[in-house]
Amino acid sequence: MSWNKGIVTRFHSNMATVNDLKTNTSLECVLRGKFKVQKIRPIVGDYIEYSKDDNNPIGKIENILERKNILYRPSIANLDQVILVTTLKYPEVDFLIVDKFIVQAEKEDLDIIIVLNKIDLLTDEDQKLKEKFLNIYSNLYTVIETSTKQNLNVEIIREKMKNKVSTLAGMSGVGKSSILNMINPGLKLRIGNISDKLKRGKHTTTHSELLRFDFGGFVADTPGFANIETYNIEKENLKDYFYEFYQYSRYCQFVDCQHVNEPNCGVKAAVRQEEISQSRYDNYLSIYSEIEKKVKKW
Ligand SMILES: Nc1nc2c(ncn2[C@@H]2O[C@H](COP(=O)(O)OP(=O)(O)OP(=O)(O)O)[C@@H](O)[C@H]2O)c(=O)[nH]1
Ligand SMILES: [Zn+2]
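Residues numbered from 1 in each chain as written. Chains lettered and ligands numbered in written order. Predicted model: local features only at pLDDT ≥ 70, side-chain atom pairs only at ≥ 80, totals over all residues. Heavy atoms only, no water.

A.B. asks: Which parts of the structure should I look at to understand the sheet that holds strand β8 (residues 81–87)?
C.D. replies: The strands that make up a sheet pair up through hydrogen bonds in the backbone, lying either parallel or antiparallel. Ordered in space as β10-β9-β8-β11-β13-β12, the six strands form an open sheet in which the pairing is mixed. A single partner strand is all that each edge strand has here, and the edge strands are β10 (142–145) and β12 (210–212). Taken over all neighbouring pairs, the strand axes of this sheet differ in orientation by 30° on average, direction set aside. Bridging between β8 and strand β11 (residues 165–169) involves four bridges; their strand directions are parallel. The residue of β11 that forms the bridge with I83 is L168. Against the sheet, helix α3 (residues 127–137) touches β8, β9 (111–117) and β10, its axis set at about 155° to β10. (Pairing = 2+ DSSP bridges. Helix = DSSP H or I, 4+ residues; strand = E, 2+ residues; numbered from the N terminus. Axes fitted to C-alpha atoms, helices over the stretch in contact; angles between N-to-C directions. Contact = heavy atoms within 4.5 Å.)

A.B. asks: Would you take a moment to explain the sheet that holds strand β2 (residues 15–20) for this structure?
C.D. replies: With respect to topology, five strands assemble into a closed barrel ordered β1-β2-β3-β5-β4, the strand pairing being mixed. Each strand axis lies, on average, 55° off the axis of its neighbour in the sheet, ignoring direction. Relative to strand β3 (residues 26–31), β2 runs antiparallel, the two being bridged by five bridges. Its bridge partner being in β3, T17 is matched across the sheet by E28.

A.B. asks: Mind showing me how you'd approach the coordination of the zinc ion (ligand 2) here?
C.D. replies: For a metal with four tetrahedral donors the ideal donor-metal-donor angle is 109.5 degrees, whereas six octahedral donors ideally subtend 90 or 180 degrees. Surrounding the zinc ion (ligand 2) are the protein donor atoms C252 (SG), C257 (SG), H259 (ND1) and C265 (SG), at 2.1 to 2.4 Å. Between the four donor atoms coordinating the zinc ion (ligand 2), the angles at the centre fall across 104 to 115°, so the site counts as tetrahedral. Of note, the donors binding the zinc ion (ligand 2) are all from one chain and are spaced C-x4-C-x1-H-x5-C. Exposure remark for C257: the relative accessible area of 2% places this residue in the buried category. (Donors = N, O, S within 2.8 Å, 3.2 Å for Na, K, Ca; no water. Tetrahedral: all angles 85-135°; square planar, octahedral: opposite > 155°, others 65-115°. Buried < 20%, exposed > 50% of the residue type's maximum accessible area, 1.4 Å probe, protein only.)

A.B. asks: Is there a simple way to explain the nonpolar core in this structure?
C.D. replies: Most often, soluble globular proteins keep nonpolar side chains buried together rather than apart. Among the nonpolar cores identified, the biggest contains 53 residues, and I114, F133, Y137, M161, I183 and F225 are the most heavily contacted of them. Y137 has contacts with F95, V98, D99, I102, I114, V143 and R280, leaving out every residue within four places of it along the chain. (Core = buried A, V, L, I, M, F, W, Y, C linked by side-chain atoms within 4.5 Å.)

A.B. asks: Would you take a moment to explain the domain arrangement of the chain for this structure?
C.D. replies: Size of an interface, as often reported, equals the accessible area lost when the parts are brought together. Along its sequence, the chain is carved into domain 1 (4–66), domain 2 (76–220) and domain 3 (235–297). Of note, the centres of domain 1 and domain 2, computed from C-alpha atoms alone, are 29 Å apart. Taken together, the twelve residues of domain 1 in the interface contact nine residues of domain 2. Between domain 1 and domain 2, a total of about 950 Å² is buried, with carbon and sulfur atoms accounting for 57% of that surface. Between R10 and E209 there is a salt bridge whose closest N-O contact spans 3.7 Å. Here domain 1 is connected to domain 2 by five residue pairs in polar contact (both at pLDDT 80 or more). Top contributing element to the side of domain 1 that touches domain 2 by residue count: strand β1 (residues 4–12), with four residues. Grouping the constituent residues of the side of domain 1 that touches domain 2 by class yields five nonpolar, four polar and three charged. (Domains from an automatic or database assignment. Buried area = accessible area lost by both parts, 1.4 Å probe. Salt bridge = Lys/Arg side-chain N within 4 Å of Asp/Glu carboxyl O. Polar contact = N/O pair within 3.5 Å; in protein donor to acceptor, adjacent residues only side chain to side chain. Nonpolar A, V, L, I, M, F, W, Y, C, P; charged D, E, K, R; others polar.)

A.B. asks: Looking at this structure, I do not really get the pairing of β3. What am I missing?
C.D. replies: Note on strand geometry: in a regular strand, side chains alternate between the two faces of the sheet. Here β3 shows a buried face lined by L27, C29 and L31 and an unburied face lined by S26, E28 and V30. The turn linking β2 back onto β3 is made up of five residues, and N24 within it adopts a positive phi angle of 60°. Pairing between β3 and strand β5 (residues 59–64): three bridges, direction parallel. Its bridge partner lying in β5, V30 is registered against K60.

A.B. asks: Where do I start with helix α4 (residues 154–161) in this structure?
C.D. replies: Side chains that are three or four residues apart share a direction in an α-helix, a result of its 3.6 residues per turn. Looking only at α4, the buried set comprises V154, I157 and M161. One side of α4 holds all its buried residues, which, seen down the axis, span an arc of 70°. One or two positions beyond α4, positive phi appears at N163, with a value near 60°. (Arc of directions from axis to C-beta.)

A.B. asks: Help me out: how do you make sense of helix α2 (residues 95–107) in this one?
C.D. replies: With 13 residues, α2 ought to run about 18 Å at 1.5 Å a step, and its terminal C-alpha atoms sit 18 Å apart, in line with that. Here α2 has its buried residues at F95, V98, D99, K100, F101, I102, V103, Q104, A105 and E106. Where α2 begins, one side-chain oxygen reaches toward the backbone nitrogen of L96, 2.9 Å away; that side chain belongs to D94. One or two residues past the end of α2 sits D109, with phi positive at roughly 60°. (Expected span 1.5 Å × (residues − 1).)

A.B. asks: Looking at this model, I keep getting lost on the UniProt feature "binding site: Zn(2+)" (unreviewed entry) in the chain. Mind explaining?
C.D. replies: As recorded in UniProt, the feature "binding site: Zn(2+)" (unreviewed entry) lies at C252, C257, H259 and C265. Looking at the element boundaries, C252 is found in the loop between α8 (246–249) and α9 (266–272). Classification of C252 as buried rests on a relative accessible area of 10%. Other than its neighbours up to four places away in sequence, C252 contacts C257, H259, N264, C265, G266 and V267. Looking at the element boundaries, H259 is found in the loop between α8 and α9. Once you skip the residues sitting within four places of it in the chain, H259 turns out to touch K239, F245, S249, C252, C265, V267, K268, Y281, Y284 and L285. (UniProt positions renumbered as here; feature names shortened; annotations may be inferred.)

The following block contains the structure:
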């Protein structure tokens, strides 16, 4: 019997919901006993091979393919990208918060696309702030301006998420679930209820599900990086997550330069010459000292 290839979109006790990659249909699969012995469990996002008898609606997972990455809380494997949603108004998201999300995603080596939502709310006076944002971030990442009220750039977002496995990230209220609804109306959304659940003090699960877009591709139903605090990062590694620093670090006098207090630092020189954004560098220092303070407590 030949095996078929699928992706796990849901996992519960010993059953996985698998989306067959060829037929794009879903079926339930059980785990072969050998996985229990090996203490391996599939997680959402796993690419697997399964077998199935024609007379049995339930398949059997035979093989879990190697994961290219794993994200914890919610646990999900093989993410292709993070869609970082942010806004300049309602809420006014601090650039430090944006950089903290970026750091978490860079740490996992995920591709990042920034979606600047609620463009419709920006007045003429806000255009300066928008330009400032774009000056910093569109030099580093793809930035897509959107408005779910005006259906702005729906096609572009769809194109970016098509046939990929994505997770959304971003502060509460920036419009993550609205964006999913805009690009795929009717997509079953648990994502919108998260803050409600928190408010009601209910147990929020860290089990995520993948939802399949009608146009192809998957998205996690729970936003990634709910915790953007940087306790899980070594301060020595932080500079690697500000990827634009790297090309200037070869001008640093010290090979292990952290670009903080060291003399003759190529990164600091680049900030002075406005090759690196002051805001990014300041946020680097803020996060660096936050990590330092946490370490000192121990
Ligand atoms: N004016 C305007 N309002 C928007 C836009 N997108 C979303 N909103 C509104 O912003 C509010 C929050 O949107 P959600 O989609 O629930 O935001 P979320 O990021 O999923 O929020 P959480 O579930 O708390 O994480 C809702 O009242 C939306 O109607 C937009 O482009 N323009
Ligand atoms: Zn340096």
